[in-house]
Amino acid sequence: MKLFVVAALLAVAIAAPSSYKPEYKAHSYPTPSYSAPGYNKDNKYGEITVTSQSDERNLDGSSQFSYAQSDYTTREESQVQKKMQGVTYDSYGKESYGEVVGNTNKGSSYWVSPEGQKLTLTWAADEAGFQPKGDHLPVAPVHEYELPVAPVHEYELPVAPALPYSRTGPGY
């Protein structure tokens, strides 16, 4: 009986409303005291604008676009869809080799570097990969000396003597 009275008092104490009201105060962070970074535009053209632009998309999948800017930067590019041999994957990831439709791109860009150097880049991208061309691109060094060749030893290796072959065992 005592246990029942203690349990009832405990249940009443837990169910009673509490007079404790927690005060939630959001933390306030100070405003940053740094200024926005300043960008030093050290170029001849204060505001660069697009002076011409064209974009042509055809029903056969080919396209051409070009633009020119007030800082003499230009870009022209053309793209054609072409059937070529390549690898395809079905919905299960199985690989097969056959005819695929891909894009071939050709284009050129012209710009003036910050140092004042005039740069032209032309490129083609097709089944042979990306092929850039330009006077400013690095070129692999050419070897002007003869590469060493491994020595060749001319001697005969011994050969094991051929023994007569005879079939033995059941059935022969």
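These lines cover the structure that appears in this document, whether it is placed above or below. (Residues numbered from 1 in each chain as written. Predicted model: local features only at pLDDT ≥ 70, side-chain atom pairs only at ≥ 80, totals over all residues. Heavy atoms only, no water.)

### Overview of the overall build of the protein
Link 1 in the chain: The helix and strand tally for the protein stands at one helix and six strands.
Link 2 in the chain: In the protein, the succession of α and β elements from N to C terminus is α-β-β-β-β-β-β.
Link 3 in the chain: Across the protein, every contact between residues at least 6 apart in sequence was considered, and the portion connecting residues at least 24 apart equals 19%.
Link 4 in the chain: Of the accessible surface of the protein, which amounts to about 16500 Å², a share of 57% is contributed by carbon and sulfur atoms. (Helix = DSSP H or I, 4+ residues; strand = E, 2+ residues; numbered from the N terminus. Contact = heavy atoms within 4.5 Å. Areas by Shrake-Rupley, 256 points an atom, 1.4 Å probe, with all protein chains shown as cover.)

### A closer look at the pairing of strand E2 (residues 63–69)
Link 1 in the chain: Pairing geometry for strand E1 (residues 50–57) and E2, over seven bridges, is antiparallel. Within the sheet, the bridge partner assigned to Val-50 lies in E2 and is Gln-69.
Link 2 in the chain: In sequence, E1 turns back onto E2 through a hairpin of five residues, with Gly-61 there showing a positive phi of about 95°.
Link 3 in the chain: By the bridge criterion, six bridges tie E2 to strand E3 (residues 74–89) in an arrangement that is antiparallel. Across the sheet, Ser-66 pairs through a bridge with Glu-76, a residue of E3.
Link 4 in the chain: Between E2 and E3, which pair antiparallel in sequence order, lie four residues; one of them, Tyr-72, sits at a positive phi of approximately 70°. (Pairing = 2+ DSSP bridges.)

### Topic: the sheet that holds E2
Link 1 in the chain: Pairing in this open sheet of six strands is antiparallel, and the strands run E1-E2-E3-E4-E5-E6 from one edge to the other. The open sheet has two edge strands with one neighbour each: E1 and strand E6 (129–133). Within this sheet the neighbouring strands show an average axis-to-axis angle of 15°, counted without direction. (Axes fitted to C-alpha atoms, helices over the stretch in contact; angles between N-to-C directions.)

### Comments concerning unusual backbone geometry
Link 1 in the chain: Within the chain, Tyr-72 stands out as a residue other than glycine whose phi angle is a positive 70°.
Link 2 in the chain: Relative to the elements of secondary structure, Tyr-72 occurs in the loop between E2 and E3.

### Comments concerning the pattern of salt bridges
Link 1 in the chain: Taken as a whole and judged by the stated rule, the model has three salt bridges.
Link 2 in the chain: Arg-57 is the partner of Asp-55 in a salt bridge, and the nearest nitrogen-oxygen pair spans 3.3 Å.
Link 3 in the chain: Here Asp-55 falls in the partly exposed class, since its relative accessible area comes to 49%.
Link 4 in the chain: Its relative accessible area of 62% is what places Arg-57 among the exposed residues. (Salt bridge = Lys/Arg side-chain N within 4 Å of Asp/Glu carboxyl O. Buried < 20%, exposed > 50% of the residue type's maximum accessible area, 1.4 Å probe, protein only.)

### Quick word on the side chain of Asp-71
Link 1 in the chain: Mapped onto the elements, Asp-71 comes out in the loop between E2 and E3.
Link 2 in the chain: Polar side-chain contacts of Asp-71 include one of 3.0 Å to the side chain of Thr-73. (Polar contact = N/O pair within 3.5 Å; in protein donor to acceptor, adjacent residues only side chain to side chain.)

So yeah, pure geometry; function would need other evidence.
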